[in-house]
Structures are given as structure tokens and as C-alpha cells.
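Coordinate analysis (summary)
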Amino acid sequence: MPDNPVAPTSMTPAGPPLRVLMIEDSETDYELILIDLRRDGSKIESVRIEEEGPFLSTLRSQRWDVILSDHNLPRFSSRRALELLMQEQRDIPFLIVSGTIGEDHAVDAMLAGADDYVMKGSTRRLRPAIDRAIKAAEHRQQQRHAEQALQDSLERLETLVAASPLAIVVVDESHRVSVWNQTAERMLGIPAALAQGQVLEHAREPLLREINLFYRQLRIGQHLVNFSALLERPDGSLVDISVTAAPLHRDESGESVGMVAFIADVTEQRRLEQARQENEIKLSAITSNLPGVVFQILFHLGERSVMVPYVSEGAHQLFGISADEFSKQPFTLTSLLSPTDREQFRETLAQAAASGDTFRWQGRIFPAGQHARWLYFAASPRPLVMDYTVWDGIIIDITQQKSAEEWLQASQDELRALSAHMEQVKETERADIAREIHDDLGGTMTKLKADVLRLRKRLASLTKEIDPAAGNELETTLVDMQGLLDHAVASTSRIARSLRPAILDLGIVPALEWEIGEFRRRTSLRVNFTCNLEELELGKQAATVIYRVVQEALTNILKHAQAKRVDVELFATDDRITLEIHDNGIGIDAKSLTKPNSFGIRGMTERARILAGWMDVSSAPGKGTTLMLSIPRMMDNPSSELSSRPQP
């Protein structure tokens, strides 16, 4: 009958109870064994049986950690119990606890499957024997699970190998073909029965000898072999293959042991690739000789969406994006257009789609990091594809043509504006000179005339009577006259300087040093001047142009730049003079440089062009402004040539 559950299987009382099925006909021995097992405080759950029937029913109905069996019972035995346990295929530790079993019977029982035997007089070693048997049973169970998992894996692997679309060839440690799957049979034309078991080095079939070539590469130290080859099957047909092979493992010396190879039939793929390459070569030959970029455009009339799925190789030059990148981003084209041109582009497409006409359009694009470009589109329509109208055509870069037209028009406008400005300046200068002569020199001369008249009258009266006081008055008058005359001389000098600085006669370098020094004194700006030559001889006109450009540039900087530092550099070579003026001010935006009333910059540019030179102003908001002037050296006479700098 069942005993009360008391003990766990582990040595710690807190663990689960140890469930013991005991085959014992002596109630006393049974109790003594239980006492011995509970000696360390372990919990034990136990059932005692004496016959075969109860043993089987109890074995099947419950879970047991260990079976303890007396050797000989009146109606049962340990041998019979062990046989029944084996028949039930239950791996439960089985220990014989007997006082009568001999050594020969114990050995036979161990060979029959018993885990251990303990004499009833030595039950203190029973618990350690039980623990060892349980651990051994757990180990056997883990091993069975591992073996089953391995078997399952092998079966799955065999299924995968058999169903693989790749040919799989495995060479074992003895260099024999051990795996040759069904795909290998079909692809390479050799039955598995013929290939398997052959040593590659001694194979008679040419195809197997070819496989041996990349097997040898693995054996000499390569970790992975990838290559393509054109092989001949036994029936004479050719197969184009791609092979990836690796060793199964390496021995202690590092030499490859065995091989697994995955082989793909790329015959059709290579044929299609070759056809594609031939078509691309033909298309490239055509497009490379066209004066533009070949393109395809798709337009959805309802959504008004624009796609460009194809452009030829010249796309990068036009759009700043390679043909490959363009094909990955087919909606890029409209993002490169200005907002105004973008809507006009879509409207022209919509009209062409509605009428089925040829698409023709020209407009500007703005590639990233590049200047705007003018493009001309011309394309012929094709039938609708999934609600899209398709055009195939050509794009031509007309930027130079447009730039030339715009530059010519702008030059004409500038010339007219400059001519008008020059006339205005001349009239203004004449008015200024007339006013200064009238208001300054005229007034001075009038005063002198009155004083001289009064002096004559006074001198006339002195001829009759000499008066010392009158002599003092005459002295005072003469002093006033001297002051007026000094003022007249200074005014004359100032007017003359405004017409042409006399200091230019000393040379351009001293003239610029004086002008920049005066500018520093008047404005307190930090202005640095450098020249690579201490003395620089120039013609009068060239010197005047440089001097006036510096004057105008410094005036503009003072008015507009909000700069704190200005650097002026004059650099002379054997054939050219270059002037560079840079400030660290707020800069000028491109629109301000080209605004219609920017006469100061236009005037300086025209001065340079008169001497067959050029002038350039580069700037960006917040990054200061740089003015560059370049004229030929020793240019004494005016030239009718325009700038020697290349124009758009």
C-alpha cells in the first residue's frame, strides 16, 4: 500500500519529493529503507508492491524517479521486474536492494540493465547510489534527445539537399564524393550512382576532374572558392555554372578536409546578360552620337504626375545626377525645375497628352551645386500604358545659346544705361565746376575788385596828405587780400584734384598709398595695402582706371558693406596688372550685383573693358565681397576691344 509522501529527490529538503517504487515483500525492510532515505531530511513518496500485476499497473499510472527491488520474492523477482521495465521502454533508474543476491547474480542484473545493487546491510550507500543512477538516467535522456534532434536535422537536411535548386556536391575526408543530389544529376548529367563513391583525383569522367580542380584549391589553403566555368556534360552539351565551395573542416595542420560545393546553372542568365549587354552597347553607340540626352517620360493626365524612368549616360552633365540615380528616382526631373517652369512644363505635357502631339518645351533646370541650365525637350508620343502617356525623345542643352542671347541683350541694355549715366555725370561735373567757379572764385574776385578800388581811392587822397593811420588801414586791407588770394588758390587746387589727382604723376603706388591713408583718416576703417613692386610704371590711363576703381570701391564699402577690415592688393606681372579688393562686410546678393541702377559697378566694369581688361565681383550674404580687376600692363592708349576675359 502507498506510503505517506515524505522526501525530495535532492539532498535539500526544499526540493521536490523523491518518488520511489519499491518491490519488497518485507514490511520491516521497507520501513528500514525509508528511514535510511529520510535520514538527511529528504521528502520521500513511496509505494511498495510484491507482485507482477500491481507492478505494471503502478508503473504505468504514475511517474517514478527510481525503482528499488528485492532480488527474490515469493511471487516476483528483480530479473522479471527488469524485463517488464525494458518491455515498457521506460528509462527509470533500477537498483537491486537485497540481502541474498550473490556477486554473479548482481553482475548478470547489471548486464541486464540494472543501474546498481546495494546489500541490505549497507543501506547507507543507497542514497548516493540512487543519486548516481538518476543522474545517469538524465544523461541518457539528454543523449537520446540530442540523437533524435540530430536525426531530425539529418532528415531535414536530406530533404533540403534533395529539393535544392542548386546542385550540391559533398566530398568526404577520404576525397570521395559522398553527396550528389538530384539537381546535380540533372544539371551535370552524371547519375548519383556513378558519381558517389568516386575519388575525385582518380575519376574518369572529365566533369568530375573539373570539380577536382576547385577541390584542390581548397586543399592548398583557400577558405572559400568562388568561380564560374563552362563545363561539358557527358552528352556533349555545355553548361555555364557558378560555384561556391568551402571545406567541411580543417585538420590540425590547417589543411582542408572534405568539401561542400553549391553549383548554380547560370546558362540562361548568362545568355540574357549577354543579350542585354549587346543591346546596351548598341543603344550607347546611338545615344553617344546624338547631340543631347535620350529620355523617356511618362505623364498621368489625371494626377498630372511626371516620371522619367530612363535617361541616357549624358544625364550627369545636364542634371548633375547619373543615369543610374535618375532611374532610381524617376520623379526627380520636376524638382529640378523652377516653380514657374514646373507648372508650365506640366501644362505643356497635359496639352500634348490630350492632343497626342509631339511634346516640345524649353525651360530652366537648377541642378544641385551647379548654375541653372536651359534645356530643350522634343519627344514623340506612344500609346497609353496604364493611364500614362509615354514619350520618347531627346533633351538638348541650349544654355550657351540662351546665355549668349541674354548676355547680348544685357550688354546692349548696360551700354545704353551707361551712356546715359556718363552723359549725366559729365553734365553734373560741368555744373559742379561752374558752380564752384561762380560761387567761390567769382565771389573772391569780386571782393578783391572792391578792395582794390577802395585802396586806389585811399591812395589817391594820400598823395595830398600823408597819414600814418591810413597806412595801417592799408596794411590790414592788404592782409585780407592775401587771405582771399590763398583761399582762391586752395579752391583752384581742390577743383583741379577732383578733375585729376596730381599725385598720380608720382606713380600709382604712392597715389594709392596716399588715397588709402586719407580714407583711413576720414573713416577709421582698417585698410591694408600691399603691392608686389615698390615702383610700378603705368600709362596715365591705366593708372587713372586703377585709382578710380579703388576710390569707387572704398566709397561703396563705406556706404554699404558695414565692414571692419579692407585688404587692397596690387599685383603686377610682365604682361598684366591685377587689383584685388576684399572686405569682411555683409556681402552682396547676386540680384543686387545685376540690378539696373548699379552704375558704380557698371562704370568700373566699363573702365576695365576700355583697356581690354575685365572686372569681377564675387560675394555672398554674410561672407564679404571680393572685387577683382585685371588689365594689360603698360596700356597707354584707350582700346576699343571689349574684355579679354571669356564671356558667356
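Here, every reference points to the structure presented above.
Residues numbered from 1 in each chain as written. Predicted model: local features only at pLDDT ≥ 70, side-chain atom pairs only at ≥ 80, totals over all residues. Heavy atoms only, no water.

Here we take up helix α13 (residues 339-355). The α-helix winds at 3.6 residues per turn, so residues separated by three or four positions along the chain end up facing the same way. With 17 residues, α13 should reach 24 Å at 1.5 Å per residue; the first-to-last C-alpha distance of 25 Å fits that figure. Residues of α13 that are buried: Asp 341, Phe 345, Arg 346, Thr 348, Leu 349, Ala 350, Ala 352 and Ala 353. Gly 356, located one to two residues past α13, shows a positive phi value of around 75°. (Helix = DSSP H or I, 4+ residues; strand = E, 2+ residues; numbered from the N terminus. Expected span 1.5 Å × (residues − 1). Buried < 20%, exposed > 50% of the residue type's maximum accessible area, 1.4 Å probe, protein only.)

It is worth spelling out the environment of Ala 511 at this point. The residue Ala 511 is located in helix α16 (residues 508-523) in this model. Residues Ala 511 and Ala 543, 32 residues apart in the sequence, show an inter-C-alpha distance of 9.1 Å. Not counting the four nearest positions on each side in its chain, Ala 511 is found in contact with Ile 503, Leu 504 and Tyr 547. (Contact = heavy atoms within 4.5 Å.)

Moving on: unusual backbone geometry. Residue Gln 562 is not a glycine yet carries a positive backbone phi of 55°. Relative to the elements of secondary structure, Gln 562 occurs in the loop between α17 (540-561) and β19 (565-572). Overall, the relative accessible area of 61% leaves Gln 562 in the exposed class. You will see that Ala 612, though not glycine, has its phi angle at about 60°, which is positive. Relative to the helices and strands, Ala 612 resides in the loop between α19 (599-610) and β21 (614-619).

Once that is clear, we can look at the packing of aromatic side chains. Going through the model one piece at a time under the given rule, you end up with eight aromatic pairs. Centre to centre, the rings of Phe 345 and Trp 361 are 4.9 Å apart; their planes meet at 75°, and the pair counts as edge-to-face. Here the residue Phe 345 occupies a position in helix α13, and Trp 361 occupies one in strand β15 (residues 359-365), the gap between them amounting to 16 residues. As far as burial versus exposure is concerned, Phe 345 and Trp 361 are alike and both buried. Between Phe 345 and Phe 377, the ring centres sit 5.5 Å apart and the planes meet at 65°, which makes this aromatic pair edge-to-face. With Phe 345 in helix α13 and Phe 377 in strand β16 (residues 373-385), the pair connects residues that are 32 residues apart, well separated along the chain. As far as the burial class goes, Phe 345 and Phe 377 line up, both buried. Put simply, the rings of Phe 295, Phe 345, Phe 359, Trp 361, Phe 377 and Trp 391 touch in pairs and so form one group of aromatic residues. (Phe/Tyr/Trp six-rings, centres within 6.5 Å; stacked < 30°, edge-to-face > 60°.)

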